[in-house]
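Structural overview
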Amino acid sequence: MDVNMGNVLGLVFANMHDTTLGDMTKNRTMGSVMFGGRYRLIDFPLSNMVNSGISEVGVITKSNYQSLLDHLGSAREWDLARKKGGLFILPPFGNVESTLYRGRIEALYGAMSFIKNSRAKYVVLSDCDVVTNIDYKPIVAQHIESGADITAVAHTGVYSSEDIKTSTVFNVDENGTVTSVLINPDLSGTCTTSLNMFVMSKDFLIDTIRDAMSRGNVSFERNVLQEKCRELKIKVFEYGNYFSKLNSPSSYFKANMELLEPANAQKLFVPKRSIYTKVSDNAPAKYDLDCTVKNSLIADGCIIEGEVENSVLFRGVKVGKGAKVKNCILMQGTSVGDNAELNYLITDKNVTICDNHILTSSPQYPMYVGKGASV
Amino acid sequence: MFNKKECVAMLLAGGQGSRLYALTQNVAKPAVPFGAKYRIIDFPLSNCINSGIDTVGVLTQYQPLVLNEYIGNGQPWDLDRIHGGVHVLPPYQTASGADWYTGTANAIYQNIGFVDRYDPEYVIVLSGDHIYKMDYNKMLTYHKEKNADATIAVLDVPKEEASRFGIMITDEDDNIIDFEEKPKNPRSTLASMGIYIFTWKKLKAYLIANEEDKEATKDFGKNIIPDMREAGEKLVAYRFDGYWKDVGTIDSLWEANMDLINPNIPIDLYDASWKIYSRNPVMPPQSIGKNAQIQNSMVTEGCVIDGSVEFSMISDGVTVEEGAEIYDSILMPGAVVKKGAKVEYAIVGENSVIGENSQIGAKPETIEDKDSWGVAVVGNNLTVAPESVVAPKAIIYENI
């Protein structure tokens, strides 16, 4: 089926799941959390939408969005600086009724005039907690063909209770129709979990928001998916490609480390379906005379004089002489002093580790050092 | 909306760069990749914007496709402006006919109309084949202080190298009193860097006069500067003491790349106050594999390295497979070096594939006849079959 993706509006929720990544989202949105050496989480849904042919995208945000605005700028890097369509940033709209939203419904209500003004027929909604390279075109096609009210992107697999307790789980019949919905259940084993991406028609979305607001309902998951599961036709799109869901600091660590495996990196960074991000004009990475670097992702602007293994280094990280960096995620501008030793450490932006310091942690609970800290 | 510009830059980017042989078969010299993530033209363009010059005409003629696409609207260099910005200026047709650019002076002559649109006091003429970081604004201030008609940037070079350059002979106040082109016995060690600032009114008059002289070669060095000196205009030398290198030959291109990883050579790409900008290739971070060994090298986005890399410059999207060895070499964007291949003292062009167990180039110490040694070059978009051998100094134009 040939789908006209010019007819589709994208909506990205930058703040959903802010609490799941702990201190990392203390001063920034989920969407502006750094990932994979040179990206922020919002780069993935935005690039996926653009690569799927969507050229009108609204980013819904509620708080701590300074870093997000700085990152997105005019959205030129995502090819979304357009005369027709392009990127719209939708912070809370200041009036008495809608202040800081409490749930997805209120967030959408705040963006109502934007949604209504769009000439799109269908809407793709996505959060920033799933890192993947997904094509929305077949999902919109399935949605239209099936005549569903809502199509939810989901994955069926074996999950631990740790993963499930922050997920929405669908019970699905043989036709892919959702029969019941469980939210954050205490389960483990084979489940169909929501990837927090949905497709619906614009008119259906508007009616749903209005109806929910009139009843004082704020949660899309609880008050729409769960409560109206029987009366609505909710279909699942089973997604089989590579993805990482970030629902805890340790899943964040694991998702970054998985990219060291070339097979995984190749599934996320697909040629001709590039992941776009803000350009920062760094010089190439410099590997010095006595350095050793193995099994790592290194971004431009890094200067490496010491030893780096099984690690992800963001742009402009410096590793001093004799330093040993193992199993670490070092974000933009981190500076590791001479002879320092780091193991299982996540450093936020512009952290300084002084000479000769030794910091060791464990894979289950990698130590996190906050933005700008000096250790 | 019209803003007068004090100084407009004219960047000569039309030359063929024939001494880069296979590397400029389908690309103009200023668009040749350099320093892992740059192209040569990034240096003068970044110098312009860092010096506060926001209006640049780029004169193109030879194989402009890649260069035009690269420059685009000038946004990567912050040169997308409502008034001014970067403009690509190819030769064009007029009511009286059409001409190619017949020389450096003729190229500017044909674009007098472009310069006049900005009504500048001064014009700075730049080349598209030099690697350096320079504040043109300091040179402009010097030009004004000296009340000069033309200022030529010069570099004090070692005496034994002076015969490779255009040499300026100056008096004690650095007024240029004479010059010699590649002299056997140089009378001075001040070499012209190919960077000129002119008072526009003066330059315009000399360009028009030179154009009327049918015998003239329409060249800055051969005509305009000598004409100005003979007429008694004030020509001064501006001494520059930073790093500067002409990358017009295979050897100098290779050396300039290697200079970037030599800690004793004063060109710093990591200085945040004078960034060199380039068009971003949109690629993931570099992936360094379990078997990789990298030392004293620069590597950029999109590379997948699982072999050995030493003293080399690795551009975006390059693959070095397990067991491949790269020494003292330049791999241009998209190059692939397969398992077991060895690349030494060589330049591998864009998107070329070096087959398994091939040997490209060799270390100088392995060759007895020193004259037969040199940097080996594999051109762009070529395939080198497995087990092939490319001798030092060889230049490969076709698949082997």
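Strand pairing in a sheet takes place through backbone hydrogen bonds and is either antiparallel or parallel in direction. All names here are of chain A. Reading across the sheet, the 5 strands line up as E15-E18-E21-E24-E27 and stay open at both edges, with parallel pairing between neighbours. Lying at the two open borders of the sheet, with one neighbouring strand each, are strand E15 (292–294) and strand E27 (358–360). Going across the sheet, the axis of each strand differs from the next one's by a mean of 5 degrees, ignoring polarity.

Here the focus is the interface of chain B and chain A. The parts lose accessible area when they come together, and the size of an interface is often stated as this lost area. Across the contact, 32 residues belong to chain B and 34 residues belong to chain A. With both sides pooled, the region where chain B packs onto chain A buries about 2,800 Å², and carbon together with sulfur makes up 50% of that total. Summed over the shared surface of chain B and chain A, the result is 3 salt bridges. Joining chain B to chain A, the criterion identifies 23 residue pairs in polar contact (both at pLDDT 80 or more). Elements represented by at least two residues in the side of chain B that touches chain A include exactly strand E16 (286–288), strand E17 (293–295) and strand E18 (297–299) of chain B. Residue composition of the side of chain B that touches chain A, by class: 16 nonpolar, 12 polar and 4 charged. Pairing analysis gives 3 bridges linking strand E16 (residues 296–298) of chain A to E16 of chain B, with the strands arranged antiparallel. Directly across from Leu-297 of chain A, in E16 of chain B, lies its bridge partner Ser-287 of chain B.

Residues and elements named next belong to chain B. Two strands pair when backbone bridges link them, and strand E11 (residues 166–170) and strand E12 (residues 176–181) are joined in this way by 5 bridges, in the antiparallel orientation. In the sheet register, Thr-170 faces E12, and the bridge partner there is Ile-176. What sits between the antiparallel neighbours E11 and E12 is a turn of 5 residues, in which Asp-174 has the positive phi angle 65 degrees.

Residues and elements named next belong to chain B. One ladder, built from 5 bridges, connects strand E4 (residues 55–59) with strand E5 (residues 85–89); its direction is parallel. Note that in E5 the partner of Leu-59 across the bridge is Leu-89. In this fold, the crossover linking E4 to E5 by way of helix H2 (residues 65–71) has right-handed handedness.

Any empty space left between atoms is shown by rolling a water-sized probe over those atoms. Residue and element names in this part refer to chain B. Estimates place the volume of the largest pocket at around 1,600 Å³. Every residue lining the largest pocket is counted, 47 residues in all, and those nearest its centre are Arg-19, Ser-127, Asp-129, Glu-181 and Asp-246. Among the elements of the structure, helix H3 (104–109), strand E8 (122–127), E11, E12, strand E13 (190–199), helix H7 (220–230) and strand E15 (244–246) are those that each provide at least two residues to the lining of the largest pocket. Considered class by class, the residues forming the lining of the largest pocket number 17 nonpolar, 20 polar and 10 charged.

Here we come to empty space enclosed by the protein. Scanning all chains against the criterion turns up 2 cavities of 30 Å³ or more. Empty space within the largest cavity amounts to approximately 40 Å³. Contributing to the lining of the largest cavity are Val-279, Ser-280, Asp-281, Asn-282, Asp-300 and Arg-315 of chain A together with Lys-37, Asn-280 and Glu-301 of chain B. Residue lining of the second largest cavity: Leu-23, Val-27, Val-32, Pro-33, Met-332, Glu-350 and Asn-380 of chain B, and that is the complete set.

Let us look at the nonpolar core. The tendency in soluble globular proteins is for nonpolar side chains to be buried side by side. Within the largest apolar cluster, 68 residues are counted, with the highest numbers of intra-cluster contacts made by Phe-35, Leu-41, Ile-42, Leu-46, Val-59, Leu-246 and Tyr-252 of chain A. Ignoring sequence-local partners within four residues, the contact set of Leu-41 of chain A consists of Leu-21, Met-30, Gly-31, Val-33, Phe-35, Cys-128, Val-131 and Leu-246 of chain A. Leu-330 of chain A together with Val-299, Val-318 and Leu-382 of chain B belong to the second-largest nonpolar core, a separate cluster that totals 50 residues.

Residue and element names in this part refer to chain B. Overall, the coordinates contain 34 salt bridges over all chains when judged by the stated rule. A salt bridge links Arg-81 to Asp-54, with the shortest nitrogen-to-oxygen separation between them at 3.4 Å. Placement of Arg-81 in the loop between H2 and E5 and of Asp-54 in the loop between helix H1 (42–50) and E4 is noted, with a sequence separation of 27 residues between them. A single salt-bridge network, built from bridges that share partners, covers Lys-5, Asp-54, Asp-78 and Arg-81.

Once that is clear, we can look at helix H9 (residues 249–258) of chain A. What H9 of chain A keeps buried is the set Ser-251, Tyr-252, Phe-253, Ala-255, Asn-256 and Met-257 of chain A. For H9 of chain A, the secondary structure elements touched by its buried residues are strand E2 (34–35), strand E13 (243–245), strand E19 (312–313), strand E22 (329–330) and strand E25 (345–347) of chain A.

Residues and elements named next belong to chain B. Axis separation between helix H6 (residues 200–212) and H7 bottoms out at 10 Å; the angle between their running directions is 120 degrees. In the crossing of H6 with H7, the sense of the turn from one axis to the other is right-handed. Residue-level contacts link Lys-202, Leu-203, Tyr-206, Leu-207 and Asn-210 of H6 to Phe-220, Asn-223, Ile-224, Asp-227 and Met-228 of H7. The class makeup of the residues in the contact of H6 with H7 is 6 nonpolar, 2 polar and 2 charged.

Residues and elements named next belong to chain B. The strand order across the open sheet built from 6 strands is E17-E20-E23-E26-E29-E32, with neighbouring strands paired in parallel fashion. Two strands bound the open sheet, and with one partner strand each, they are E17 and strand E32 (389–390). By the bridge criterion, 3 bridges tie E17 to strand E20 (residues 308–310) in an arrangement that is parallel. What sits directly across from Gln-293, in E20, is Ser-308.

The next point concerns the packing of aromatic side chains. Residue and element names in this part refer to chain A. Throughout the structure, instances matching the rule amount to 20 aromatic pairs over all chains. A centroid spacing of 4.9 Å and a plane angle of 50 degrees characterise the contact between Phe-88 and Phe-114, whose relative ring orientation is tilted. Within this pair, whereas Phe-88 is found in strand E5 (residues 86–90), its partner Phe-114 is found in helix H4 (residues 112–117), the two being separated by 26 residues in sequence. For Phe-88, a relative accessible area of 33% corresponds to the partly exposed category. Linked through ring pairs, Phe-35, Tyr-39, Phe-44, Tyr-252 and Phe-269 together constitute an aromatic cluster.

Procedures and definitions
Residues numbered from 1 in each chain as written. Chains lettered and ligands numbered in written order. Predicted model: local features only at pLDDT ≥ 70, side-chain atom pairs only at ≥ 80, totals over all residues. Heavy atoms only, no water. Pairing = 2+ DSSP bridges. Helix = DSSP H or I, 4+ residues; strand = E, 2+ residues; numbered from the N terminus. Axes fitted to C-alpha atoms, helices over the stretch in contact; angles between N-to-C directions. Contact = heavy atoms within 4.5 Å. Buried area = accessible area lost by both parts, 1.4 Å probe. Salt bridge = Lys/Arg side-chain N within 4 Å of Asp/Glu carboxyl O. Polar contact = N/O pair within 3.5 Å; in protein donor to acceptor, adjacent residues only side chain to side chain. Nonpolar A, V, L, I, M, F, W, Y, C, P; charged D, E, K, R; others polar. Right-handed = clockwise from strand over helix to strand, strands pointing away. 1 Å grid on protein atoms, 1.4 Å probe; cavity = no way out; pocket = protein on both sides within 12 Å on 5 of 7 lines; lining within 4 Å. Points joined across faces, edges and corners; volume = space filled by probe spheres on them. Core = buried A, V, L, I, M, F, W, Y, C linked by side-chain atoms within 4.5 Å. Buried < 20%, exposed > 50% of the residue type's maximum accessible area, 1.4 Å probe, protein only. Left-handed = near helix turned anticlockwise from the far one by under 90°. Phe/Tyr/Trp six-rings, centres within 6.5 Å; stacked < 30°, edge-to-face > 60°.

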